[in-house]
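Coordinate inspection notes
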Amino acid sequence: MKSAGPKIDRNTIVISIKDLQKSFGEMNVLRGIDLDLYKGENVVILGRSGSGKSVLIKIIAGLLKPDSGMVKLLGSEINNLDKKELLALRLKIGFSFQSSALYDGMSVWENLQFPLVRNRRDLTKKQVNETIEQVLNDVGLLQTIDQMPAELSGGQKKRIGIARMLILHPEIILYDEPTGGLDPVTCVEINNLINKVQLQYNTSSIIITHDLSCAKSTGDRIVMLSDGIFFRQGSFEEVFNTDDERVKSFYNYYILNQ
Amino acid sequence: MDTALKNSQPHQKSGTLQRKKIASFFVSVYDVYKFIAGFFKEVFTGPYEFKEIVRQCYEIGCKSLAIITLTAFITGIVFTKQSRPSLSEFGATSWLPSLIAIAIVRALAPLMTALVIAGKVGSNMGAELASMRVTEQIDAMEVSSTNPFKFLVITRVLAITITLPVLVTYFAFLGLAGAYLNVHHNESTSFTTFMTNAFVKISFLDLFSSLFRSVVYGFTIGITGCFKGYNAKQGTVGVGRAANSAVVISMFLIFIEEMVIVQIVNYFR
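Under an unreviewed UniProt entry, the name given to chain B is ABC transporter permease, and the source organism is Niastella vici.

Chain A has the name ABC transporter ATP-binding protein in an unreviewed UniProt entry, where Niastella vici is given as its organism.

The following block contains the structure:
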């Protein structure tokens, strides 16, 4: 069960998605998605592999263009933004990649310095170093500052990926499979980190996962995606208290692995 | 009637396939045009990544010195050795320095340097950017509100366009040095006499056209490698394909450009 997070502001919608559709060739991946994310809320989108979760999150981040529908981030519709406006909006959005996507030719320090110095040109060298150390401290990996990504474990890479996006103090965070490919102990650590980030940085997040323990411990609201549509949403207990076969198969697998 | 319909189906399928291929060819041409237009749009707008340009110049230039040195030196020696018998038949070995200088400065230095660099640097650019694309590193730059095109493409293309003329000059001097060794071995000519004879037939147009060609080849290698890498698809297979096609396409383009530029230069000669 998720520990108490920050107070959710139900009057402020930070992400609003209406009738979102996306196809690749003949395949309709998203078939009319509607979602509102409130300020301070963590929404978990659960679904099987290939259900379109990653496509959805990439559309929200502006990495993919939808076929139709509307995505509003912090009041701005991303399809209507020019390049400059999109760059400005992206400063307020953090994206944690499934593969961590650390720049493998750069050290941990350089990975964190890269977005910081390009977006905060007013900072002095000392301030840059302090900010990097602060963020690394927050994710508990200050000791890796001079290491290269190839020298880090999977869990450490995820944490550095989270640190890299936190360095710009985003208001919204999009997590793509944050616990994918990690051992159970590291999963718990990442889940705790997600909750810590929500509290400490006062963020609203969308967490894409198929890991129910991650969903249970990080989500204020769970949304289930199947065949390109959201078919169920609510708290963890509300979502799984059902006879729907699509939900039960998910839950049974979770129970088996507990 | 049914048989006739069945027989016509393969033709229809191949017709559709051909139409798709033609359409995808034009889409690719448009993508290349957009990529090059994007380069010229971004290259004249700040902020500039000077540090990265210098780093790329070092990676491309300094790290290619060994292979350029070897290629140039051996080319000079071998070319002189192979030309000597034909010239000596006419008693014209004294023309050897001029002949070699013309061959190296006008043709061999820009062309061979470009081909060596296309193989070494073009493939590296294609593979590096492609692996960044398939591991979502380019997407990560984009979502962190930085411009990956500026950091990855502009810097590399500028660096190779700046570095190649330097490497071509280096190749030409080393090629001539290799040729001098052979000439000195056979005729005991002094270095000053060799160089004076060598540059008698070299005009400003020759030097300018060589440097101009090296700029064009550098740009071609850079744009091709970056285009293939930046737009790579299909995971690790895509990385290999990007590296391979970066080399093949840039070599192909270099030969075509060589033909065109030689025609233009000969018109002015």
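Let's pick the thread back up.
**A short note on the overall build of chain B**
In terms of regular secondary structure, chain B is built from nine helices and zero strands. For 269 residues, the compact-globule estimate of 2.2 N^0.38 gives 18 Å, and the C-alpha radius of gyration of chain B, at 24 Å, exceeds that figure by more than 25%. Here chain B holds 269 residues, and 45% of them are scored as buried. Within chain B, contacts between residues separated by at least 24 positions form 85% of all contacts whose residues are at least 6 apart in sequence.

**Here's the deal with the side chain of S98 of chain B**
Residues and elements named next belong to chain B. Mapped onto the fold, S98 is located in helix α4 (residues 96-134). In this structure the side chain of S98 is engaged in a polar contact, spanning 3.2 Å, whose partner is the backbone oxygen of N197. If near-sequence neighbours (up to four positions away) are discounted, S98 is found in contact with N197, A198 and K201.

**Structural notes on the packing of helix α6 (residues 148-187) of chain B against helix α7 (residues 191-198) of chain B**
All names here are of chain B. At their nearest, the axes of α6 and α7 sit 10 Å apart, and the two run at 120° to each other. With respect to α7, the element α6 is oriented oblique. α6 and α7 meet at a crossing whose hand is right-handed. Residues L176, A179, Y180 and V183 of α6 lie in contact with α7, whose contacting residues are F191, F194 and M195. Considering only residue class, the contact of α6 with α7 consists of seven nonpolar, no polar and no charged.

**Comments concerning the pattern of salt bridges**
As enumerated under the stated definition, the model contains 21 salt bridges over all chains in all. Close ionic contact of E41 of chain A with R221 of chain A constitutes a salt bridge, the shortest N to O distance being 2.8 Å. Taken as a pair, E41 of chain A in the loop between β2 (27-39) and β3 (42-46) and R221 of chain A in strand β9 (residues 221-226) lie far apart in primary sequence, 180 residues in all. Assigned by exposure class, E41 of chain A and R221 of chain A land together as buried. Within the structure, one salt-bridge network assembled from shared partners comprises E52, R55, E59 and K63 of chain B.

**Some details on the packing of α4 of chain B against helix α9 (residues 235-268) of chain B**
Residue and element names in this part refer to chain B. Two numbers describe how α4 lies on α9: the axes approach to 8 Å, and their chain directions differ by 150°. Considering their axes alone, α4 and α9 lie roughly antiparallel with respect to each other. The interaxial crossing formed by α4 with α9 has right-handed handedness. Seen from α4, the contacting residues are L111, A114, L115, A118, G119, G122, S123, G126, A127, A130, S131 and V134; seen from α9, they are G235, G238, V239, A242, A243, A246, V247, S250, M251, I254, F255 and E258.

**So, the packing of aromatic side chains**
Under the criterion given, the structure shown has 19 aromatic pairs over all chains. An angle of 70° between the planes, with centres 5.2 Å apart, marks the rings of Y103 of chain A and F114 of chain A as edge-to-face. Here Y103 of chain A, found in the loop between β6 (93-96) and α3 (108-119), pairs with F114 of chain A, found in helix α3; they are 11 residues apart in sequence, far enough to count as distant. F114 of chain A carries the same exposure label as Y103 of chain A, and that label is buried. Here the aromatic rings of F208 of chain B and F212 of chain B are separated by 6.3 Å at their centres, their planes lie at 15°, and the arrangement is stacked. With F208 of chain B and F212 of chain B both in helix α8 (residues 204-230) and four residues apart, the pair spans about one turn of that helix. Among the residues examined, F208 of chain B registers a relative accessible area of 47% and is labelled partly exposed.

**A word on the nonpolar core**
Membership of the largest hydrophobic core comes to 95 residues, with the highest contact counts inside it found for I15, I17, I45, L56, L73, L174 and I206 of chain A. When residues in this core are grouped by element, the largest group, 18 residues, is from α6 of chain B. Ignoring any residue separated from it by four or fewer positions in sequence, one finds L56 of chain A in contact with I17, L20, L30, I33, I45 and F230 of chain A. Among the nonpolar cores identified, the runner-up in size contains 43 residues, and C187, L193, Y201 and I207 of chain A belong to it.

**Describing the UniProt feature "transmembrane region" (unreviewed entry) in chain B**
All names here are of chain B. According to UniProt, the "transmembrane region" (unreviewed entry) feature falls on residues 60-79, 99-118, 157-181, 211-230 and 242-265. This span, residues 157-181, is 100% helix and 0% strand, and a straight line between its end C-alpha atoms measures 36 Å. Secondary structure within residues 211-230 divides into 100% helix and 0% strand; the distance between the first and last C-alpha atoms comes to 28 Å.

**Description of α7 of chain B**
Residue and element names in this part refer to chain B. For α7, every residue scored as buried is listed here: F194, M195 and A198. Viewed end-on, α7 has its buried residues packed into an arc of 95°, placing them on one side of the element. Buried residues along α7 sit against α4 and α6.

**A word on the side chain of T144 of chain A**
Residues and elements named next belong to chain A. Mapping T144 onto the fold places it in the loop between α4 (125-138) and α5 (154-166). Owing to a relative accessible area of 0%, T144 belongs among the buried residues under this scheme. Of the polar contacts made by the side chain of T144, one reaches the backbone oxygen of L141; its length is 2.7 Å. Not counting the four nearest positions on each side in its chain, T144 is found in contact with V108, L152, Q156 and I160.

**Topic: the pairing of β6 of chain A**
Residues and elements named next belong to chain A. Residues I93 and F95 line one face of β6 and the alternating positions G94 and S96 line the opposite face, and both faces are buried. Bridge analysis of β6 against strand β7 (residues 172-176) gives four bridges, and the strand direction is parallel. The partner of F95 across the bridge, within β7, is L174.

**Some details on the sheet that holds β9 of chain A**
Residues and elements named next belong to chain A. Judged by pairing direction, the sheet is mixed, and its six strands sit side by side in the order β6-β7-β8-β3-β9-β10 without closing on themselves. Looking at which strands have only one partner, the edges of the open sheet turn out to be β6 and β10 (229-234). Within this sheet the neighbouring strands show an average axis-to-axis angle of 15°, counted without direction. Pairing of β9 with β10 involves five bridges; the strand directions are antiparallel. When the sheet's bridge partners are listed, V223 is paired in β10 with Q233.

About the criteria used
Residues numbered from 1 in each chain as written. Chains lettered and ligands numbered in written order. Predicted model: local features only at pLDDT ≥ 70, side-chain atom pairs only at ≥ 80, totals over all residues. Heavy atoms only, no water. Helix = DSSP H or I, 4+ residues; strand = E, 2+ residues; numbered from the N terminus. Rg over C-alpha atoms; globule rule 2.2 N^0.38 Å. Buried < 20%, exposed > 50% of the residue type's maximum accessible area, 1.4 Å probe, protein only. Contact = heavy atoms within 4.5 Å. Polar contact = N/O pair within 3.5 Å; in protein donor to acceptor, adjacent residues only side chain to side chain. Axes fitted to C-alpha atoms, helices over the stretch in contact; angles between N-to-C directions. Parallel < 35°, antiparallel > 145°, perpendicular 65-115°, else oblique. Left-handed = near helix turned anticlockwise from the far one by under 90°. Nonpolar A, V, L, I, M, F, W, Y, C, P; charged D, E, K, R; others polar. Salt bridge = Lys/Arg side-chain N within 4 Å of Asp/Glu carboxyl O. Phe/Tyr/Trp six-rings, centres within 6.5 Å; stacked < 30°, edge-to-face > 60°. Core = buried A, V, L, I, M, F, W, Y, C linked by side-chain atoms within 4.5 Å. UniProt positions renumbered as here; feature names shortened; annotations may be inferred. Arc of directions from axis to C-beta. Pairing = 2+ DSSP bridges.

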